[in-house]
Amino acid sequence: MTQGFVDFCRRMMRGFRYQGGSKVSVYLDNAATSHTKPEPVYRAVENYLQEVGVSAGRGSYRQAQQAEDIIWSARTNLAQLLGAEKPDRIIFTSCATDAVNLALFGLLGRWDHAIVGGMEHNSVWRTMHELRRRRGVRFSVIPHAEDGSMRIEQIPRLIRRNTRLIVSTHASNVAGTVMPVARLGQLAAEYNLLLVVDAAQTAGCLPIDVQKMGIDLLAFTGHKGLMGPQGTGGLYIREGIDVHPLLYGGTGTQSAWPHQPRALPHRFEAGTLNGPGIAGLGAALEFILQRGVKSIREHEGQLLDYTLRNLPDSQKLSLYGPGTVDRQVAIVSFNIEATTPEEVSYLLDEMFGVMTRAGLHCSPCAHRVLGTSDWGAVRASFGFFNTTEDVDALIEGIETILDEI
Ligand SMILES: Cc1ncc(COP(=O)(O)O)c(C=O)c1O
């Protein structure tokens, strides 16, 4: 944000009749990273650093075993949460982007073809472009309706002889639109394709069962709906799927071999794991499993519903996405006429203490579908710890800006 922009907004605010209410601090950027975390997450990170401290899988002394147990327990909880066959099908990575790269680089070879969702985050979109540049991989993009919903019936006509996989986000990080992943799973099985899902916006927020939904590979991040620390994430790989590793190096097992071990998870976990991060994620998973994803979804759905019902009915306010709780995660994107998303987001923060995110949200494809490519939008995204009072602060801010503009 430039000083010129800030000065502009301040000048704009001077002309406002609004004199300022009680400015609070309301975090509505949970689609970027969830904040705050459940209390045990902070304690688990601290405990790992202070009391455990050592690397997992690199020694046979007691503390190394303790580190290994913490990591295995997080892996087991992830397998349970996602419906994976076994914990060793869960590979830890540093984030969802890392996991998406592992999946796509590990599966797509020279001249392969892929079918790619049209609402993807750059983690998929840029990776596909890099695969095209490096390996001549071709891809076709699935059409979407204006609210982001997928035109799944269009997929069969995109399939070619060399199509290997379908890759799609589970929910758009811009419009919140939920994609029909279980139907994609059926379609992929029918045409003998693999299904890769980017669950960055849904793991911990929506129920997921990789086996029931026919998902072959699922990338997730630890720091959004899973409520863990940044620097954590992972990839589920279904049994029987051959993926080439992205990283080669030390695994602490079969060290004399010149090549990566075949067994999971070590095959894909070269280098030292993020012990403190995974310990925090493990604590977050305990919290989520105890509460149940259904009750988390219910709470976030209520916040979404409350927002949609209480936003002002104004011609000057444009809302994006399906606008119904059953087809949308707790993300609300909007624009206000005659302002840029940056201005609105700045004003919401400066006047009301409401933190939102403006711009393209690393997803230019989604903005193309929504018709907001030029400026992007303002995005408010709710998490488990948000309340209806937080939504009230957002709505008061939007109403004031609408009155003043
Ligand atoms: C849909 C989607 N995919 C991937 C990512 C990337 O996640 P990470 O930052 O954990 O790599 C994000 C993060 O915003 C996202 O929303």
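Please read these numbers as outputs of a predicted model, since none were measured by experiment. Starting afresh in each chain, residues are numbered from 1 along the sequence in its written order. Local features in this predicted model are restricted to residues whose pLDDT is 70 or higher, and side-chain atom pairs enter the listing and the counts only when it is 80 or higher, whereas totals over whole chains, interfaces and linings include all residues.

**Thoughts on the overall build of the chain**
What the chain contains, in helices and strands, is eleven helices and 13 strands. If you line up the chain on its principal axes, its C-alpha atoms span 75 × 55 × 40 Å. When burial is assessed residue by residue, the chain has 49% of its 405 residues classed as buried. The contact criterion used here is simple: two residues whose C-beta atoms, placed from the backbone, lie within 7 Å are in contact. For the chain, the share of sequence-separated contacts (at least 6 apart) that also reach a separation of at least 24 residues comes to 72%. Numbering of helices and strands starts at the N terminus; helices are DSSP runs of H or I of at least 4 residues and strands are runs of E of at least 2. Here the C-beta atoms are placed from the backbone, and a residue counts as buried if at least 20 other C-beta atoms lie within 10 Å of its own, exposed if 12 or fewer do, and partly exposed otherwise.

**Thoughts on the site of the ligand**
Looking at the ligand, there are 13 residues lining it, with Cys-95, Thr-97, Asn-173, Ala-200 and Thr-221 nearest. Under the grouping applied here, Gly and all other residues not named as nonpolar or charged are polar, the nonpolar ones being Ala, Val, Leu, Ile, Met, Phe, Trp, Tyr, Cys and Pro and the charged ones Asp, Glu, Lys and Arg. Considering only residue class, the shell around the ligand consists of four nonpolar, eight polar and one charged. For each residue, a C-beta position is placed from the backbone atoms; the residue is near a molecule or strand when that point lies within 6 Å of it.

**A word on the sheet that holds strand β6 (residues 194–198)**
Strand pairing in a sheet takes place through backbone hydrogen bonds and is either antiparallel or parallel in direction. Strands sit in the order β2-β8-β7-β6-β5-β3-β4 across an open sheet of seven strands; the sheet is mixed. Each edge of the open sheet carries a strand with a single partner, namely β2 (90–93) and β4 (138–141). Within the sheet, the average angular offset between the axes of one strand and its neighbour, ignoring direction, is 20 degrees. The sheet contact formed by strand β7 (residues 217–221) and strand β8 (residues 233–237) spans five bridges and is antiparallel. Its bridge partner being in β8, Phe-220 is matched across the sheet by Gly-234. Against the sheet, helix α4 (residues 96–107) makes contact with β2, β5 (163–169), β6, β7 and β8, and its axis sits at roughly 160 degrees relative to β7, the strand it touches most. Comment: axis = line fitted to C-alpha atoms, over the contacting stretch for helices; angle = value between 0 and 180 degrees taken between N-to-C directions. Here helix α6 (residues 181–190) sits on the sheet in contact with β5 and β6, set at roughly 160 degrees to β6. Criterion used throughout: strands pair if DSSP finds at least two bridges between them.

**Quick word on the packing of helix α8 (residues 293–310) against helix α11 (residues 388–404)**
Closest axis-to-axis distance for the α8/α11 pair is 10 Å, and the angle between their directions is 30 degrees. Between α8 and α11, the angle falls in the class roughly parallel. In this structure, α8 crosses over α11, and the sense of that crossing is right-handed. Contacts between α8 and α11 involve Leu-303, Tyr-306, Thr-307 and Asn-310 from the former and Thr-388, Val-391 and Ile-395 from the latter. Of the residues belonging to the contact of α8 with α11, the class tally is four nonpolar, three polar and no charged. When describing relative orientation, an angle under 35 degrees is termed roughly parallel and one over 145 degrees roughly antiparallel, while 65 to 115 degrees is termed roughly perpendicular and anything else oblique. Handedness of a crossing follows from how the near helix is turned relative to the far one, being left-handed for an anticlockwise turn of less than a right angle and right-handed for a clockwise one.

**Thoughts on the nonpolar core**
In plain words, the nonpolar core is the set of buried Ala, Val, Leu, Ile, Met, Phe, Trp, Tyr and Cys residues that C-beta atoms within 7 Å link up. Core analysis: the largest hydrophobic core is formed by 120 residues, its most contacted members being Ala-103, Leu-195, Leu-218 and Ala-219. Of the residues forming this core, the biggest block, eight residues, is contributed by helix α7 (residues 275–291). Each domain's limits were defined by an automated method or a database of domain assignments. No fewer than three residues from each of domain 1 (3–30 + 293–404) and domain 2 (39–291) sit in this core. If we ignore the near neighbours within four places in the chain, the residues touching Ala-103 are Val-196, Leu-217, Ala-219, Leu-235 and Val-243.

**Considerations on the environment of Tyr-27**
Secondary-structure assignment places Tyr-27 in strand β1 (residues 26–27). C-alpha of Tyr-27 to C-alpha of Gly-383: the two residues are 356 residues apart in sequence and 9.0 Å apart in space. Among residues more than four places away in sequence, those in contact with Tyr-27 are His-35 and Met-355.

**Here's the deal with α4**
Between its terminal C-alpha atoms α4 stretches 16 Å, which fits the 16 Å expected from twelve residues at 1.5 Å a residue. Counting buried positions along α4 gives ten out of twelve residues, so the element sits mostly inside the fold. Those residues of α4 that sit buried are Ala-96, Thr-97, Asp-98, Ala-99, Val-100, Asn-101, Leu-102, Ala-103, Leu-104 and Leu-107. Residues of α4 that are buried make contact with β2, α5 (122–135), β5, β6, β7 and β8. A helix is expected to reach a length of 1.5 Å times the quantity of its residues less one.

**Digging into the environment of His-367**
As for its position among the elements, His-367 is in helix α10 (residues 364–370). On a C-alpha basis, the gap between His-367 and Asp-209 in space is 29 Å, while along the polypeptide they are 158 residues apart. With sequence-adjacent residues up to four places away left out, His-367 is seen in contact with Val-174, Leu-360, Thr-372, Ser-373 and Gly-376.

**Considerations on the domain arrangement of the chain**
By domain assignment, the chain separates into domain 1 (3–30 + 293–404) and domain 2 (39–291). Taken over C-alpha atoms, the centre of domain 1 sits 29 Å from the centre of domain 2. Listed by partner, the interface residues are 28 residues for domain 1 and 29 residues for domain 2. Only α8, β10 (331–336), α10 and β13 (377–381) provide two or more residues apiece to the side of domain 1 that touches domain 2. The element that contributes the greatest number of residues to the side of domain 1 that touches domain 2 is α8, accounting for six residues. Taken together, the residues of the side of domain 1 that touches domain 2 break down into 14 nonpolar, nine polar and five charged.

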